[in-house]
Amino acid sequence: MPAHNILSDDSMGETKIIQRFAEVGYQIHPDAVAMIKEHGAPDKLIQDILASLDGSVLVVKPEHIKSRLPQPTYGVEVLDALPTTCVGNYEEFLGYFHDRYAKLSEILRRRIGARPIESINLTKKSREEVTVIGMVSTIRDTSNGHRLVELEDPTGMIPVLFPNNKDVFDPSTRIFLDEVIGITGSLTNDGLLIANRITWPDIPPKKNNRGEPKQNSEACYAVLISDTHVGSNTFLEHAWSRFVKWLNAEVGDDNQKALAKRVRYMVIAGDLVDGIGIYPNQEKELTTPDIYGQYEAAANLLKGVPPHIKIIISPGNHDAVRQAEPQPPLFNELTTAFPPNVTFVNNPSLVKLNGARILVYHGRSLDDLVAALPGASYEEPDKVMAEMLKRRHLAPIYGGKTTIVPGGTDHLAIDSVPDVLHCGHVHTVGISKYRGVTLVNSGTWQSQTEFQKSVNLEPVPGCATLLDLNTMDASVLKFYT
Ligand code: D5M
Ligand code: FE
Ligand code: ZN
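Summarised in this report is the structure supplied together with it. (Residues numbered from 1 in each chain as written. Chains lettered and ligands numbered in written order. Predicted model: local features only at pLDDT ≥ 70, side-chain atom pairs only at ≥ 80, totals over all residues. Heavy atoms only, no water.)

## So, the site of ligand 1
What counts, and what does not: Any residue with a non-hydrogen atom lying within 4 Å of a molecule or strand is treated as near it. Definition of a polar contact: a pair of N or O atoms within 3.5 Å, with one able to donate and the other able to accept a hydrogen when the atoms are protein atoms, and with sequence-neighbouring residues admitted only if both atoms are side-chain atoms. Surface accessibility follows the Shrake-Rupley procedure with a 1.4 Å probe radius. Residue values consider only the protein chains on display as shielding. All residues other than Ala, Val, Leu, Ile, Met, Phe, Trp, Tyr, Cys, Pro, Asp, Glu, Lys and Arg, Gly among them, are scored as polar; the first ten of these are nonpolar and the last four charged.
As a matter of local geometry, ligand 1 sits amid 14 residues, with N317, H318, D367, H425 and H427 nearest to it. One of the side-chain nitrogen or oxygen atoms of N317 is found 2.8 Å away from an oxygen atom of ligand 1. For ligand 1, whose free accessible area comes to 470 Å², the fraction covered by protein is 76%. Its residues assigned to classes, the shell around ligand 1 shows five nonpolar, five polar and four charged.

This is the structure we're talking about:
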């Protein structure tokens, strides 16, 4: 006799399920048992199935169960919104940094006990180990080779010394100005904190970041792409049309076709078009030298995607919206030709697809991070993306190539942990997991431009990333040979 599960009144064991059907004269296929077992309300489901069966049925099969389950709908939920206006004045800058501090210090505080800087300055007890959380306001090297960092919080400021004879943190990483960190160390009599340990806000170490159960248990995929650069003469039309054929299940073996039919979403992480006047002499490399024409061409390409696939488009630095981040969605006047299955969102944007939370960010800050982090490279963009999660910020370096709109809110702080972080911009492909979060840089559909050649950028074009929205596992599909 199976024990009754006191933790959940809804759960039902296999034996019980088989018994329920046997009592009324039916056998049941093991796959059908598994489907009932996984269901949230098995009792009601069984009643429903039994009521639907006619006398001709001997064995209850998965299709009998399926016919009683609600047909899944594949919606797009956009979880963020942008402020309507921003002047860029002093108060807004102040508000922006206050918000950054508030969000990131809260995340740190949940992980480590810490004291306000003011209380430390008042006590100035020597040799006691203390922890403070603050925003980095200055970084400099002292004449004898130590590193001196000033940390600020709303109560005050404290100088922190990183002795050059001690590895306080991994030498492959760096502290950036304006980031919020925790420092544990000992205080000297004159109020200097000698750092022993540094803590970044980071994300929880174990995979259990997914808050909600999957919405549909049937196989469901998203294709993640980026940087199509439509309008450029280096746009790879041939690779694109192979991709579209694949999505329409017109190519490949039966397995490939079955897989393609399970794709419900396409997410484009910016640089949909090549734009106008983005880099010197760009006009010589455009097939469509008109911005409206470029978006119209992009719309026509997307009309080839099966209409049941929901397409989410976030802008990038080549798109015709403001450059400073967060960028608003593409304006209506640019999007009239697009099919109805397209949703335009901000850059960055958090979208929920089939219960999975995808943080989409074009990735301008990757340029700043690659330049600043020792060992970082364009060949492994996903490794650099992990730094964003570690710092809980999409653009941890302020004042580089990435310009940020100083609205009162820091929209680039990663305040809730996504299931997937999807970027583009660097035109290379990288997939990995960081503490259970899937990192994807989805590459480009543009071959190397003259400009990229001059800066030694070797793109990885014609790839789409296939993301399983049940497991969050990602793999690369190649359409360019
Ligand atoms: O950016 C594609 C890639 O090219 C991205 O990694 C940045 C790099 N890039 C863009 N502009 C420059 C300059 N001026 N110097 C060096 N590298 C650059 P995209 O946004 O598609 O143009
Ligand atoms: Fe690009
Ligand atoms: Zn870009």
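## Details of the sheet that holds strand β5 (residues 147-153)
Stated precisely, the cut-off is as follows: Strands are treated as partners if at least two bridges between them are detected by DSSP. Helix and strand labels come from DSSP, where a helix needs a run of H or I of at least four residues and a strand needs a run of E of at least two; each type is numbered from the N terminus. Think of each axis as a best-fit line through the C-alpha atoms, taken over the contacting stretch in the case of a helix, with angles from 0 to 180 degrees between the N-to-C directions. Any pair of residues with heavy atoms lying within 4.5 Å of one another is described as a contacting pair.
Spatially, β4-β5-β6-β8-β7 is the arrangement adopted by the five strands of the closed barrel, whose pairing is mixed. Looking at each pair of strands side by side, their axes are set apart by 55 degrees on average, direction ignored. Taken strand by strand, helix α5 (residues 90-111) contacts β4 (129-141), β5, β7 (180-187) and β8 (193-199), and its axis lies near 140 degrees from that of β4.

## Here's the deal with the side chain of E285
This is how the line gets drawn: Exposure is judged per residue with a 1.4 Å probe applied to protein chains only, and the accessible area is read against the type maximum: over 50% gives exposed, under 20% gives buried, and values in between give partly exposed. Note that His is not counted, nor are the chain ends; the positive residues are Lys and Arg, and the negative ones are Asp and Glu. We define a salt bridge as a side-chain nitrogen of Lys or Arg found within 4 Å of a carboxyl oxygen belonging to Asp or Glu.
Within the secondary structure, E285 is located in the loop between β10 (263-268) and α9 (291-302). Within the buried core, E285 has no salt-bridge partner, and the shortest N-O distance to an opposite charge, that of K284, equals 8.2 Å. Reaching out from E285, the side chain makes a polar contact with the side chain of Y279 at a distance of 3.0 Å. Once residues lying within four places of it in the same chain are set aside, the contact partners of E285 are G231, S232, N233, Y279, T449, E450 and F451.

## So, the coordination of the iron ion (ligand 2)
Basically, it comes down to this: With water omitted from the atoms examined, metal sites may look incomplete; donors here are N, O and S atoms no farther than 2.8 Å from the metal, or 3.2 Å in the case of Na, K and Ca.
Every protein donor of the iron ion (ligand 2) is listed here as D227 (OD), H229 (NE2), D271 (OD) and H427 (NE2), and their distances to the metal cover 1.9 to 2.3 Å. Mapping the donors of the iron ion (ligand 2) onto the primary sequence yields the spacing D-x1-H-x41-D-x155-H. The zinc ion (ligand 3) is placed at 3.2 Å from the iron ion (ligand 2), the two being bridged by D271. Taken together, the residues H229 in the loop between β9 (221-225) and α7 (237-247) and D271 in the loop between β10 and α9 connect sequence positions 42 residues apart. Overall, H229 belongs to the buried group, its relative accessible area being 1%.

## Description of the packing of aromatic side chains
We apply this condition: Each Phe, Tyr or Trp ring, with Trp reduced to its six-membered ring, pairs with another whose centre is within 6.5 Å; inter-plane angles below 30 degrees give stacked pairs, above 60 give edge-to-face pairs, and intermediate values give tilted ones.
Counted according to the given criterion, the structure contains 13 aromatic pairs. Their ring planes at 85 degrees and their centres at 5.4 Å tell us that W240 and F243 sit as a pair that is edge-to-face. Taken together, the positions of W240 and F243, both in helix α7 and three residues apart, correspond to about one turn of that helix. Look at W240 and you get buried, because its relative accessible area is 3%. A relative accessible area of 0% means that F243 is categorised as buried. Among the aromatic residues, ring-to-ring pairing joins F235, W240, F243, W246, W445 and F479 into one connected group.

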